[in-house]
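Take a look at the letters that make up each chain.
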Amino acid sequence: MILAKVKGTVVSSRKAEKMAGVRLLLLEKIDPVSLEGKNDFVVAMDGVGAGLDEIVFYVSGSGARMAETTKGLPTDATVTAIVDVIEQNGHIAYKK
Amino acid sequence: MILAKVKGTVVSSRKAEKMAGVRLLLLEKIDPVSLEGKNDFVVAMDGVGAGLDEIVFYVSGSGARMAETTKGLPTDATVTAIVDVIEQNGHIAYKK
Amino acid sequence: MILAKVKGTVVSSRKAEKMAGVRLLLLEKIDPVSLEGKNDFVVAMDGVGAGLDEIVFYVSGSGARMAETTKGLPTDATVTAIVDVIEQNGHIAYKK
Amino acid sequence: MILAKVKGTVVSSRKAEKMAGVRLLLLEKIDPVSLEGKNDFVVAMDGVGAGLDEIVFYVSGSGARMAETTKGLPTDATVTAIVDVIEQNGHIAYKK
Amino acid sequence: MILAKVKGTVVSSRKAEKMAGVRLLLLEKIDPVSLEGKNDFVVAMDGVGAGLDEIVFYVSGSGARMAETTKGLPTDATVTAIVDVIEQNGHIAYKK
């Protein structure tokens, strides 16, 4: 899974039928040490109700369809967790 | 899913049988902030009837076969949405 | 799918049993604008009878096993189309 | 599979239901020659009880769900081995 | 599939149960023109009995579990062929 920050949302009215009602998040991947954005973006389905600027991680590939809310959906990226704590070398690098 | 712009089409007469009648789009990945092309291209099946210069996103991997129109097809990239709005940090970064 | 040019073949006598008789192509990825090689190579199974120097595209991942000739084979890249035309912005960028 | 070092853990209280009780490791990919970190991080499920600073490898994609403890979980990266020895060109490059 | 050279082996006593008895190879990806190593390494399961310094290719993703010896194993990379010949533009670029 890859750590990222929620930067916004993507809206589409003309899309694959199964996607009706699914919330689409614009994520920017972050460096887990500096927590800075890497200017590398991905659109992910929201599996946890994540909000703007929250640090999350997403699962890619077929794993993106293993969340409770994304079974059978045409997704390759789903946010499956809002991060509370990142611990590195015994220190708290991030705390929500 | 990855944001991209439709730059053209690819035509093939000698291809895997199942692909008969499938429209193939040439996509250029874009930066979601500047909306500029990244000179990184992919050929994707069209799952939504996207037209030239439209901003779309595509799903890769096995998810590319989860759209209504691509089940069982030999694809690793399918356009599943034409983008209406990209919202970033509460502002409209793109509106169709 | 990714556009590439057939640069040669790879031959192996000691390989997974199911691969017997399968033709293995050495592909170089190309830039769809300049049609130049990107010095990035992949070995793909041949699903369409592609010849040297032909421009093709290949499908990766599990999609590589969705062609008529590659079901159940240990492949992550299969050529599924020989390209006739690449059209960009309404102009013919490549014609076979 | 990719060699990496365990750098810490990631904790989340709001996550996909199936993930309850799963330990999440923050991994940094390493160069197998120098054993130095590559400043490239991934969050992986722990399939072997790996500890801080241990050298491990993880499996990505659908293979991440083929460990005994990760079947059906929404993961794209699972640590499946703690490395004892890396042998290169007949020499021991790393020994635990 | 990606061309690589066998650079060594990786040994682990604490690993996913199904991996018992599986030989793990350390591979370095090579440039198919110069045959030089690219300083990019991957750990792969051995599906063909490859030896040190042999040029092979490996299959990634779910295809890595389609070899006779890797069904159901937690792998994302399996060596499925020892390369005898690489032919480029009608010339022999490599012969074992």
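Colleague: What am I meant to see in the relation of the copies chain B and chain C here?
Modeller: Mapping one chain copy onto the other needs a rotation about an axis and a shift along that axis. Take chain B, turn it by 72°, move it 0.0 Å along the axis, and it overlays chain C with an RMSD of 0.0 Å. What the superposition gives is, in effect, a five-fold axis relating one chain to the other. In this assembly, only 3% of the residues forming the interface of chain B have copies in chain C that are likewise at the interface, indicating a heterologous arrangement.

Colleague: For this particular structure, what's the right way to read the interface of chain B and chain C?
Modeller: How big an interface is tends to be stated in terms of the accessible area lost upon association of its parts. Tallying the contact residues gives 31 residues for chain B and 29 residues for chain C. There are 17 residue pairs in polar contact (both at pLDDT 80 or more) connecting chain B and chain C. Going through the elements one at a time, β1 (2-11), β2 (14-15), β3 (24-30) and β4 (37-46) of chain B are the ones with two or more residues in the side of chain B that touches chain C. The dominant element in the side of chain B that touches chain C, judged by the number of residues it contributes, is β4(B), at 6 residues. Classifying every residue of the side of chain B that touches chain C by side-chain character gives 15 nonpolar, 8 polar and 8 charged. The pairing of β2(B) with strand β6 (residues 77-82) of chain C spans 2 bridges and is classified as antiparallel. Of the residues in β6(C), the one forming a bridge with B:R14 is C:I82.

Colleague: Could you clarify how one ought to interpret the relation of the copies chain A and chain D in this entry?
Modeller: The transformation that overlays chain A on chain D combines an axial shift of 0.0 Å with a rotation of 72°, and the residual RMSD is 0.0 Å. Little of the interface of chain A is mirrored in chain D: 3% of its interface residues are interface residues there too.

Colleague: Would you take a moment to explain the pairing of strand β3 (residues 24-30) of chain A for this structure?
Modeller: Residues in a regular strand project their side chains so that they alternate between the two faces of the sheet. Residues and elements named next belong to chain A. The element β3 is largely enclosed, with a buried count of 6 among its 7 residues. Pairing of strand β1 (residues 2-11) with β3 involves 5 bridges; the strand directions are antiparallel. In the strand pairing of β3, K5 is matched with E28. Between the antiparallel neighbours β3 and strand β4 (residues 37-46) lie 6 residues, among them L35 with a positive phi of about 65°.

Colleague: Hey, could you run me through the confidence of the model for chain A in this one?
Modeller: Where the model shows low pLDDT, its predicted coordinates should not be examined in detail. In this model, chain A carries an average pLDDT of 97, and 100% of its residues clear a pLDDT of 70 or more. As a predicted assembly, this complex carries a pTM of 0.97 together with an ipTM value of 0.97.

Colleague: What exactly am I supposed to notice about unusual backbone geometry here?
Modeller: Positive phi values are uncommon outside glycine, yet A:L35 reaches one of about 65°. Looking at the element boundaries, A:L35 is found in the loop between β3 and β4. We classify A:L35 as partly exposed; its relative accessible area is 21%. With a phi angle near 55°, C:N39 is a residue other than glycine that sits in the positive phi range. Given the relative accessible area of 48%, C:N39 is considered partly exposed.

Colleague: Would you mind going over the environment of C:E28 with me for this structure?
Modeller: All names here are of chain C. Mapping E28 onto the fold places it in strand β3 (residues 24-30). Distance in space between the C-alpha atoms of E28 and A4 is 5.3 Å, their sequence separation being 24 residues. Beyond its immediate stretch of four places on either side in the chain, E28 contacts A4, K5, K7, G37, K38, N39, D40 and F41. A distance of 3.5 Å separates a polar atom in the side chain of E28 from the backbone nitrogen of K38.

Colleague: Is there a simple way to think about the pairing of strand β8 (residues 91-95) of chain D in this case?
Modeller: Residues and elements named next belong to chain D. Examined bridge by bridge, strand β7 (residues 85-88) and β8 share 4 bridges and lie antiparallel to one another. Residue pairing across strands places E87 opposite I92, the latter belonging to β8. Where β7 hands over to β8, the hairpin turn is made up of 2 residues, of which N89 adopts a positive phi near 50°.

Colleague: So what exactly am I meant to see when it comes to the interface of chain A and chain D here?
Modeller: Tallying the contact residues gives 29 residues for chain A and 31 residues for chain D. For the pairing of chain A and chain D, the buried interface totals around 2,300 Å² over both sides, and the portion due to carbon and sulfur atoms is 53%. Taken as a group, A:M1, A:M66 and A:E68 account for 28% of the area that chain A buries against chain D, more than any other trio of residues on that side. The interface formed by chain A and chain D holds 0 salt bridges in total. Where chain A meets chain D, there are 17 residue pairs in polar contact (both at pLDDT 80 or more). Every element with two or more residues in the side of chain A that touches chain D is listed here: β1, β5 (55-60), β6 (77-82) and β7 (85-88) of chain A.

What counts as what
Residues numbered from 1 in each chain as written. Chains lettered and ligands numbered in written order. Predicted model: local features only at pLDDT ≥ 70, side-chain atom pairs only at ≥ 80, totals over all residues. Heavy atoms only, no water. Least-squares fit on C-alpha atoms with pLDDT ≥ 70 in both. Contact = heavy atoms within 4.5 Å. Polar contact = N/O pair within 3.5 Å; in protein donor to acceptor, adjacent residues only side chain to side chain. Helix = DSSP H or I, 4+ residues; strand = E, 2+ residues; numbered from the N terminus. Nonpolar A, V, L, I, M, F, W, Y, C, P; charged D, E, K, R; others polar. Pairing = 2+ DSSP bridges. Buried < 20%, exposed > 50% of the residue type's maximum accessible area, 1.4 Å probe, protein only. pLDDT = per-residue confidence, 0-100. Buried area = accessible area lost by both parts, 1.4 Å probe. Salt bridge = Lys/Arg side-chain N within 4 Å of Asp/Glu carboxyl O.

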